[in-house]
Amino acid sequence: MTQVLFGQSYYLRFDPKLWRAMQPYPPLGTLYAASYIREKGYTVAVFDAMLAESEQEWAQALDEHMPKYAVIYEDNFNYLSKMCLSRMREAANLMIHMAKERGCIVILSGADVTDHYDQYLEQGADYCILGEGEETLAELLSQLSAGKDASGVIGLASRLTLHPSRRPDIKNIDALPFPAWDLVDVQKYKKLWLERHGYFSMNMVTTRGCPYHCNWCAKPIWGQRYNSRSPENVAAEMKWLKENFAPDHIWFADDIFGLKPNWVERFADLLIENDAVIPFKCLKRADLVTEKTAAALAKAGCQIVWVGAESGSQKILDAMDKGDKVEDIYRAAQLLHANGIQVGYFLQFGYPGETWDDVQLTLKMVRECMPDDIGISVSYPLPGTKFFERVKLELGEKQNWVDSDDLAMLYHGPFPQEFYRILHGRVHHEFRLRKAWKKTDLRGMLLSPYYLLGWTRAEVRLRNFVR
């Protein structure tokens, strides 16, 4: 009998777009929590929803392990958990009911739980953890296991909690054990990656949180706080992963990789010294990419840096409180490309006040900077953000996307929803053609009547919305 069964409610099967892409990663936040609680002396197991067919596999795990505590602990390093997709919320609610039917004490933790703990308590959860979860969960389990009252545990909400409060974050995250990789089927992930992509990627994080103030970015777990692992600790984990699982690639899921001065430079040196280099991708702010940092990233084995470019209009960046400049985005692309590192741009359309001219500035930026990949979304209002407060009176009954391919405008954007769906397709279409043109000679194709007709139709449809 297992004392604590961990699970999470992000099922890749329920997200058709990402199921087709098939780039799955285990729930890193869940594995950190399981490892932490195991160190406290509990017997633990993990139900990994990522590759499960349905919630029925959670029911099977409950029957197999017969846990006293069922902990649905979301992966807070997965941006899709922060978006609180409604299909996954439905899954979490069903998982609560299944665990309660089997007599478990049910504990929840995650971004949506922190924002809407009252709704999860109504579904039958016994306790909801607010913010960062490891220390709160350990204290809660200690109290419950000893038969003591848990109402005084900081960072906890229950039906008896009048004024729930958050626990201070863990500052020394080097002290945390590495994720419990032994509790998930790593070989299943490896097989899928190799079959679909020809290489095997694993996920890591070097930090928790983000200190910047982008007013559309929700931060229910860490707020404005930012805590970093030491480069020594991260390099040691990479060496351990290399020796035990031999991944071909690492995805660093941090909001911002290498924010501290000289962190990346020291990290690169340690990887070289310890034969721990593994090609990786990461996320950085454009204004943090310097000549020195770009060179160090290349030395460390970085293949691609994703930049939250968002818009090519300075007016929109300022409205978002981004804190950087359009020229920073241009310079970052130039420096990274000069060091042999690919560049990805996250683009966001539909922010309040965006005009057709602002859209054109974003397209101009993409054409001139020639990123190697792009990701496009529309502005998405999340609870706890200034952006949400600004548009909340415009929100209807639907306040979350069903899955990552939903792309619904949840508020009254500058243009109708159909405009953004057409724009999304057109920008991706042009981007793919320009990439192909760069590799081969497609000038004839681009000037063909078929291409020009399709392009003109898209342009006309978009301009019809602008008039």
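Before any of the text, the structure's been laid out above.
Rules of the game
- Residues numbered from 1 in each chain as written.
- Predicted model: local features only at pLDDT ≥ 70, side-chain atom pairs only at ≥ 80, totals over all residues.
- Heavy atoms only, no water.
- Buried < 20%, exposed > 50% of the residue type's maximum accessible area, 1.4 Å probe, protein only.
- Helix = DSSP H or I, 4+ residues; strand = E, 2+ residues; numbered from the N terminus.
- Pairing = 2+ DSSP bridges.
- Salt bridge = Lys/Arg side-chain N within 4 Å of Asp/Glu carboxyl O.
- Expected span 1.5 Å × (residues − 1).
- Contact = heavy atoms within 4.5 Å.
- Phe/Tyr/Trp six-rings, centres within 6.5 Å; stacked < 30°, edge-to-face > 60°.
- Lys NZ or Arg CZ within 6 Å of the ring centre and 35° of its normal.
- Disulfide = S-S within 2.5 Å.
- Lys, Arg positive; Asp, Glu negative; His and termini not counted.
- Core = buried A, V, L, I, M, F, W, Y, C linked by side-chain atoms within 4.5 Å.
- Axes fitted to C-alpha atoms, helices over the stretch in contact; angles between N-to-C directions.
- Arc of directions from axis to C-beta.
- Parallel < 35°, antiparallel > 145°, perpendicular 65-115°, else oblique.
- Left-handed = near helix turned anticlockwise from the far one by under 90°.
- Nonpolar A, V, L, I, M, F, W, Y, C, P; charged D, E, K, R; others polar.

1. Let's talk about the pairing of strand β10 (residues 249–252)
Neither face of β10 is left uncovered, since the one carrying H249 and W251 and the one carrying I250 and F252 both have all their residues buried. Where strand β7 (residues 201–204) and β10 come together, 4 bridges link them in parallel fashion. The residue of β10 that forms the bridge with M202 is I250. Across 2 bridges, β10 lies against strand β11 (residues 280–284) in parallel orientation.

2. Section: the environment of E291
By secondary structure assignment, the location of E291 is in helix α12 (residues 291–300). Here E291 falls in the exposed class, since its relative accessible area comes to 62%. It is 8.9 Å that separates the C-alpha atoms of E291 and N339, two residues lying 48 residues apart in sequence.

3. Description of the pattern of salt bridges
Applying the stated criterion across every chain yields a total of 27 salt bridges. Measuring nitrogen to oxygen at the nearest pair gives 2.8 Å for the salt bridge that ties D182 to R38. Placement of the pair is D182 in the loop between β6 (156–157) and α9 (186–197) and R38 in helix α2 (residues 28–39), with a sequence separation of 144 residues. Among the residues examined, D182 registers a relative accessible area of 54% and is labelled exposed.

4. Section: helix α5 (residues 86–101)
The terminal C-alpha atoms of α5, which comprises 16 residues, lie 23 Å apart, in line with the 22 Å expected from a rise of 1.5 Å per residue. All of the buried residues in α5 are S86, M88, R89, A91, A92, N93, M95, I96, M98 and A99. Buried residues in α5 make contact with α3 (56–65), β3 (69–73), β4 (105–109), α6 (111–115) and α7 (117–122). Just downstream of α5 lies G103, where phi reads positive at about 80°.

5. So, the packing of aromatic side chains
Within this structure, the stated rule accounts for 28 aromatic pairs. Ring geometry for F252 against F267: centres 6.2 Å apart, planes inclined by 80°, an arrangement best described as edge-to-face. Here F252 is found in strand β10, whereas its partner F267 is found in helix α11 (residues 263–273), with 15 residues between them in sequence. Given the relative accessible area of 0%, F252 is considered buried. By relative accessible area, which is 0% here, F267 ends up buried. Of the aromatic side chains, those joined through ring pairs into one cluster are F252, F257, W263, F267 and F280. In this structure, R208 is placed above the aromatic ring of Y32, and the distance from its NZ or CZ to the ring centre is 5.3 Å.

6. Observations concerning the pairing of β4
Judged by how many residues are buried, β4 sits mostly within the fold: 4 of 5 residues are covered. Note: β3 against β4, 5 bridges, orientation parallel. Looking across to β4, one finds that I72 is bridged to L108. Here β4 pairs with strand β5 (residues 127–129) via 3 bridges, running parallel. Bridging across to β5, S109 finds its partner in I129.

7. Considering the state of the cysteines
Put plainly, two cysteines are in a disulfide when a covalent bond ties their sulfur atoms together. As enumerated under the stated definition, the model contains 0 disulfides in all. C104 takes part in no disulfide bond, and the closest cysteine sulfur, belonging to C128, lies 16 Å away. Taking the relative accessible area as the measure of exposure, C104 reaches 2% and is therefore buried. On the basis of relative accessible area, C128 is assigned to the buried category, the value being 0%.

8. Here's the deal with the side chain of E265
With respect to the element layout, E265 can be found in helix α11. Despite being buried, E265 has no salt bridge partner; K292 is the closest side chain of opposite charge, sitting 4.5 Å away. Leave out the neighbours within four places in its chain, and E265 touches K292, T293 and A296.

9. Some details on the nonpolar core
F6, W58, F267 and Y345 are the most contacted members of the largest nonpolar core, which totals 158 residues. Counting 5 residues, the second largest nonpolar core, distinct from the first, contains C210, Y226, I256 and L288.

10. Let's talk about the sheet that holds strand β13 (residues 342–349)
Pairing in this open sheet of 6 strands is parallel, and the strands run β7-β10-β11-β12-β13-β14 from one edge to the other. The sheet is open, and its two borders are formed by β7 and β14 (373–378), each paired with just one other strand. Averaged over all pairs of adjacent strands, the angle between their axes in this sheet comes to 20°, without regard to strand direction. Against the sheet, helix α15 (residues 356–369) touches β12 (302–310) and β13, its axis set at about 170° to β13.

11. Some details on α12
All buried positions along α12 are accounted for by T293, A294, A296, L297 and A300. Take α12 and look down its axis: the buried residues cluster within an arc of 165°, on one side only. Across from the buried face of α12, at angles greater than 90 degrees, the exposed residues are E291 and K292. Of the surrounding secondary structure, the elements contacted by the buried residues of α12 are α11, β11, β12 and α14 (326–338). Looking one or two residues past α12, G301 carries a phi angle of roughly 105°, positive in sign.

12. Thoughts on the packing of α2 against helix α8 (residues 134–145)
Direction vectors running N to C along α2 and α8 enclose 40°, while the axes themselves pass 10 Å from each other. By the angle between their axes, α2 is oblique relative to α8. Considering how the two elements wind past one another, α2 and α8 form a crossing that is right-handed. The segment α2 lies against α8, with Y32, A33, Y36 and I37 engaging E134, E135, L137, A138 and L141. Looking at the contact of α2 with α8 residue by residue, the classes come out as 7 nonpolar, no polar and 2 charged.

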